[in-house]
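Here's the letter readout for the chains.
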Amino acid sequence: MTRESLTVEQRRLLPVGWLPVVFVGPVLRTGLFWGARLVGVDPYGIGRALGIADHSLWSVAVYAVCGAIVALVLLRALVQRGWTLRALGWRAPEGAQAYWAALVGVALVILLWLPIAALASVTGIPMFWEERSAFVGPSTVLEFVVAALVGVVVVPLVEEPLFRGYVLQALTERWQWQLAVLGQAALFGLYHLFVGPGMMLYTFLWALVPGLIAWRWRSLWPCFLFHALNNVWADLLVPVLLR
């Protein structure tokens with residue numbers, strides 16, 4: 001490797017055999033929705049009963065719960081086997097440059113949406129499996145609160161430790177860092193298969209930014225900031241602008 005791994009405390013390699021566990025969150029969410037339909041229950045009806053009428057938001061909320069369970073189980077398993085949270089990126093970066101990089105990265109991925117959406121329109125590839133103009137569409141105070149809690153808090157705390165903490169580090173320990181950053185981005189794009197084919201391409205390119213930040217500064221903190229600010233834009237501001 002041309003650069004030191006994200007881990008400095010540990011010399012054992014993270015197990016790559018656990019990589020499929022990362023995908024359990026969206027698979028579990030899909031299984032729950034299918035299971036509900038099999039027994040004659042409308043899964044979105046449950047959301048409406050709780051005051052969440054937007055299908056996309058309810059789907060993301062259920063996914064966030066599933067993903068949080070998976071992330072906690074995986075982190076606990078790694079800690080029990082000798083890896084520390086600090087070794088997995090739960091530490092502050094050295095210097096403020098990492099946070100500035102996160103802010104610049106947010107601006108870049110917001111601008112990236114335009115050419116990807118244009119490409120999808122020209123090729124006929126849908127951004128989302130279900131026709132919609134935004135990732136989620138909150139319209140009530142409760143839905144905006146849920147969107148903020150899920151998108152800005154829970155989802156970054158789930159996906160950054162999984163992909164920039166575990167996946168990126170496991171790949172960096174075995175591949176050149178450039179391939180590791182590309183690899184975690186490819187898996188992150190595949191992770192969004194349930195959202196839509198256009199989103200798979202977008203999230204692949206999107207994930208290069210936190211991947212580079214995590215590799216460069218060996219910290220998840222700026223990745224959390226990047227992901228949270230991106231979701232403020234995507235989950236809270238875009239739905240308002242598209243009204």
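## Considerations on the overall build of the protein
Then step 1. What the protein contains, in helices and strands, is 8 helices and 0 strands.
Then step 2. Secondary structure of the protein in N-to-C order comes out as α-α-α-α-α-α-α-α.
Then step 3. For 243 residues, the compact-globule formula gives about 18 Å, and the C-alpha radius of gyration of the protein, at 18 Å, lands near that figure.
Then step 4. Projected onto its principal axes, the C-alpha positions of the protein cover 50 × 40 × 35 Å.
Then step 5. Taking all 243 residues of the protein together, the buried fraction comes to 48%.
Then step 6. Within the protein, contacts between residues separated by at least 24 positions form 80% of all contacts whose residues are at least 6 apart in sequence.
Then step 7. By element, 72% of the accessible surface of the protein is carried by carbon and sulfur atoms, the whole surface being about 11500 Å².
Then step 8. Put simply, the protein has 16 plus and 12 minus side-chain charges, and the middle of one group is 9 Å from the middle of the other.

## Describing the packing of helix α1 (residues 24–38) against helix α3 (residues 55–80)
Then step 1. α3 packs onto α1 with a crossing angle of 130° between their chain directions and a minimal axis gap of 8 Å. Our classification of the angle between α1 and α3 gives oblique. Where α1 crosses over α3, the handedness of that crossing is right-handed. Contacts between α1 and α3 involve Val24, Gly25, Pro26, Leu28, Arg29, Leu32 and Phe33 from the former and Trp58, Ser59, Val62, Tyr63, Cys66, Gly67 and Val70 from the latter.

## Let's talk about the nonpolar core
Then step 1. Counting residues in hydrophobic clusters, the biggest one holds 60 residues, and the most contacted among them are Val22, Leu162 and Tyr166.
Then step 2. Every element with two or more residues in this core is listed here: α3, α4 (97–123), α5 (141–172), α6 (177–191), α7 (197–217) and α8 (221–241).
Then step 3. Those residues within four positions of Tyr166 in sequence are excluded, and the remaining contacts are Leu14, Pro15, Val16, Trp18, Leu19, Val22, Leu74, Leu78 and Pro161.

## Details of the side chain of Asn231
Then step 1. Within the secondary structure, Asn231 sits in helix α8.
Then step 2. By relative accessible area, which is 8% here, Asn231 ends up buried.
Then step 3. A distance of 2.6 Å separates a polar side-chain atom of Asn231 from the backbone oxygen of Gly151.
Then step 4. A distance of 3.0 Å separates polar atoms of two side chains, one belonging to Asn231 and the other to Asn230.
Then step 5. Apart from the residues lying within four places of it in its own chain, the contact partners of Asn231 are Gly151, Val152, Val155, Pro156 and Leu236.

## Here's the deal with unusual backbone geometry
Then step 1. For Arg218, which is not glycine, the phi dihedral falls at a positive 55°.
Then step 2. Structurally, the position occupied by Arg218 is in the loop between α7 and α8.
Then step 3. Taking the relative accessible area as the measure of exposure, Arg218 reaches 21% and is therefore partly exposed.

## Quick look at a nonpolar patch on the surface
Then step 1. Taken together, the side chains of Leu38, Val39, Val41, Ile46 and Leu50 define a hydrophobic patch exposed on the protein surface, amounting to about 520 Å² of accessible area.
Then step 2. Its place among the elements puts Leu38 in helix α1.

## Things to note about α3
Along an α-helix, residues three or four positions apart point the same way, because every turn accommodates 3.6 residues.
Then step 1. Taking 1.5 Å of rise per residue, 26 residues should cover 38 Å, and α3 covers 38 Å from first to last C-alpha, within 8% of that figure.
Then step 2. Just beyond α3, the residue with positive phi is Gly82, at close to 110°.

## Points about the environment of Gly105
Then step 1. Here Gly105 shows up in helix α4.
Then step 2. Its relative accessible area of 2% is what places Gly105 among the buried residues.
Then step 3. Residue contacts for Gly105: discarding those within four places in its chain leaves Val209 and Phe226.

Reading the values: rules and limits
- Residues numbered from 1 in each chain as written.
- Predicted model: local features only at pLDDT ≥ 70, side-chain atom pairs only at ≥ 80, totals over all residues.
- Heavy atoms only, no water.
- Helix = DSSP H or I, 4+ residues; strand = E, 2+ residues; numbered from the N terminus.
- Rg over C-alpha atoms; globule rule 2.2 N^0.38 Å.
- Buried < 20%, exposed > 50% of the residue type's maximum accessible area, 1.4 Å probe, protein only.
- Contact = heavy atoms within 4.5 Å.
- Areas by Shrake-Rupley, 256 points an atom, 1.4 Å probe, with all protein chains shown as cover.
- Lys, Arg positive; Asp, Glu negative; His and termini not counted.
- Charge placed at Lys NZ, Arg CZ, Asp CG, Glu CD.
- Axes fitted to C-alpha atoms, helices over the stretch in contact; angles between N-to-C directions.
- Parallel < 35°, antiparallel > 145°, perpendicular 65-115°, else oblique.
- Left-handed = near helix turned anticlockwise from the far one by under 90°.
- Core = buried A, V, L, I, M, F, W, Y, C linked by side-chain atoms within 4.5 Å.
- Polar contact = N/O pair within 3.5 Å; in protein donor to acceptor, adjacent residues only side chain to side chain.
- Patch = residues over 30% accessible without salt bridge, like charges linked within 9 Å, V, L, I, M, F, W, Y side chains within 5 Å.
- Salt bridge = Lys/Arg side-chain N within 4 Å of Asp/Glu carboxyl O.
- Expected span 1.5 Å × (residues − 1).

These figures come from the coordinates and say nothing about function on their own.
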